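Secondary and tertiary structure notes
Here are the chains, one letter per residue:
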Amino acid sequence: MILGINEQFRDNWVLLQINGEIDMATGPELRQRIVQYVQEGHAHIILDLTNVDFIDSTGLGVLIGGLKRTRSNGGDLQCIGLSESLKEMFKLTGLDTVLTQEDT
Amino acid sequence: MTNGITLEIPAKAEYLSLVRAVVVCAAALDSGVEDQRLEDLRLAVSEATTNAIRSHANLGSEERITIRCGLTTDRIEVEVQDRGPGFNPDKLEPAGPLNQPERLNYEGGFGIPLMRVLADEIKINSADEGTTVQLVVYTPPSNDSSQTSMT
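In what follows, the accompanying structure is described. (Residues numbered from 1 in each chain as written. Chains lettered and ligands numbered in written order. Predicted model: local features only at pLDDT ≥ 70, side-chain atom pairs only at ≥ 80, totals over all residues.)

The next point concerns the overall build of chain B. On a plain count of helices and strands, chain B comes out with three helices and five strands. Seen in sequence order, chain B has helices and strands lined up from the N terminus as β-α-α-β-β-α-β-β. Since a compact globule built from 151 residues should have a radius of gyration of about 15 Å, the 16 Å found for chain B is in line with a globular shape. In terms of principal-axis extent, the alpha carbons of chain B reach across some 50 × 40 × 25 Å. Across the 151 residues of chain B, 35% fall into the buried class. Summarising the internal contacts of chain B: among those between residues at least 6 apart in sequence, 70% fall at separations of at least 24. (Helix = DSSP H or I, 4+ residues; strand = E, 2+ residues; numbered from the N terminus. Rg over C-alpha atoms; globule rule 2.2 N^0.38 Å. Buried ≥ 20, exposed ≤ 12 C-beta atoms within 10 Å, placed from the backbone. Contact = placed C-beta atoms within 7 Å.)

Here it is as structure tokens:
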């Protein structure tokens, strides 16, 4: 399974459009990309999850790690384009209480 | 589980999406199952299989993970069996709520709690020679009295 990651730079934000499923197989790639952006000084990251129909707990771990990494470098990690099932999962795990989500 | 399918996979993350797809397709043969329950099953099976793959980290590559999925008139049962070193599920410490700042230092701790929420029943039998996780999702009664056979 391959994770598609398209990047766009907008003002001081990096917008990453993700395509695929985020799990134990693909999560490390996303984690590495987030680490790389923060190391390069881009600590404000938006993940567009419109084309992600599945995230498991490994994927949630990647988001939590990204959240900590961006915030500790003066930035933030936000998610947009969540499906109803992803919103429900964020609620179940409490991720909705710490991760900023936007509908668009 | 006399009616069902059995998968044996190498303990590699690349096989996770295959396991999810096969189990959900098999479960969807019961036309009475709601889409949301299939999504619940998809995630719960992924969590169980992920844990199984992790438990094989120090085993030889020939050791495989077995996933069995069976349908009866009122339930879908999935069993994920690994050969990794066991653990005591009763002694797992809750990782704490995410709104506590120190919780963000730990990326794990969601798998088993998610399975407990998503499945209607879960049993974890763990011993030194391996762990078996049994997940059950209830299905509404069907008008079709014949059971689906996938073997």
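Next comes the rest of the description.
All names here are of chain A. Unusually for a residue other than glycine, Asp 11 sits at a positive phi of about 50°. Along the chain, the position of Asp 11 falls in the loop between strand E1 (4-10) and strand E2 (13-22). The class of Asp 11 is exposed, set by 5 C-beta atoms lying within 10 Å.

We now examine the pairing of E1(A). All names here are of chain A. Judged by how many residues are buried, E1 sits mostly at the surface: zero of seven residues are covered. Summarising the sheet, E1 and E2 pair through seven bridges and their orientation is antiparallel. Bridge pairing in E2 links Glu 7 to Leu 16. A loop of two residues connects E1 with E2, the two strands running antiparallel in sequence, and Asp 11 in this loop sits at a positive phi of about 50°. (Pairing = 2+ DSSP bridges.)

The next subject is the packing of helix H2 (residues 35-55) of chain B against helix H3 (residues 111-118) of chain B. Residue and element names in this part refer to chain B. The N-to-C vectors of H2 and H3 enclose an angle of 150°; their axes lie 9 Å apart at closest approach. You can see that H2 and H3 cross each other, and the crossing is left-handed. Contacts between H2 and H3 involve Asp 40, Leu 43, Ala 44, Glu 47, Ala 48, Thr 50 and Asn 51 on the former and, on the latter, Gly 111, Leu 114, Met 115 and Leu 118. (Axes fitted to C-alpha atoms, helices over the stretch in contact; angles between N-to-C directions. Left-handed = near helix turned anticlockwise from the far one by under 90°.)

Taken together, the 21 residues of chain B in the interface contact 21 residues of chain A. When residues in the side of chain B that touches chain A are grouped by element, the largest group, six residues, is from H2(B). Residue composition of the side of chain B that touches chain A, by class: ten nonpolar, seven polar and four charged. (Nonpolar A, V, L, I, M, F, W, Y, C, P; charged D, E, K, R; others polar.)

This next bit is on the sheet that holds strand E2 (residues 64-71) of chain B. Strand pairing in a sheet takes place through backbone hydrogen bonds and is either antiparallel or parallel in direction. Residues and elements named next belong to chain B. Taken together, the five strands give an open sheet; going across it, the order is E1-E2-E3-E5-E4, and neighbouring strands pair in antiparallel fashion. Taken across any chain shown, the strands that pair with only one partner, and hence form the sheet edges, are strand E1 (4-10) and strand E4 (121-127). Ignoring strand direction, the axes of neighbouring strands in this sheet form an average angle of 10°. Strand contacts of helix H1 (residues 16-27): E1, E2 and strand E3 (75-82), with the helix running at about 15° to E2, the strand carrying the most contacts.

Moving on: the nonpolar core. One broad trend across soluble globular proteins is that nonpolar side chains are buried collectively. Of all hydrophobic cores here, the largest spans 62 residues; its most connected members are B:Val23, B:Ala44, B:Val78 and B:Leu135. Leaving out residues up to four positions away in the same chain, B:Ala44 has contacts with B:Met115, B:Leu118, B:Ala119 and B:Leu135. (Core = buried A, V, L, I, M, F, W, Y, C linked by C-beta atoms within 7 Å.)

Here the focus is the environment of A:Ser85. Structurally, A:Ser85 is set in helix H3 (residues 84-93). Spatially, the C-alpha atom of A:Ser85 lies 8.5 Å from that of A:Phe54, the residues being 31 residues apart in sequence.

Our focus in this paragraph is the pairing of E4(B). Residue and element names in this part refer to chain B. Two elements, E4 and strand E5 (residues 130-138), share seven bridges in a ladder whose sense is antiparallel. By the bridge assignment, Ile 122 is partnered in E5 with Leu 135. Two successive antiparallel strands, E4 and E5, enclose a turn made up of two residues.

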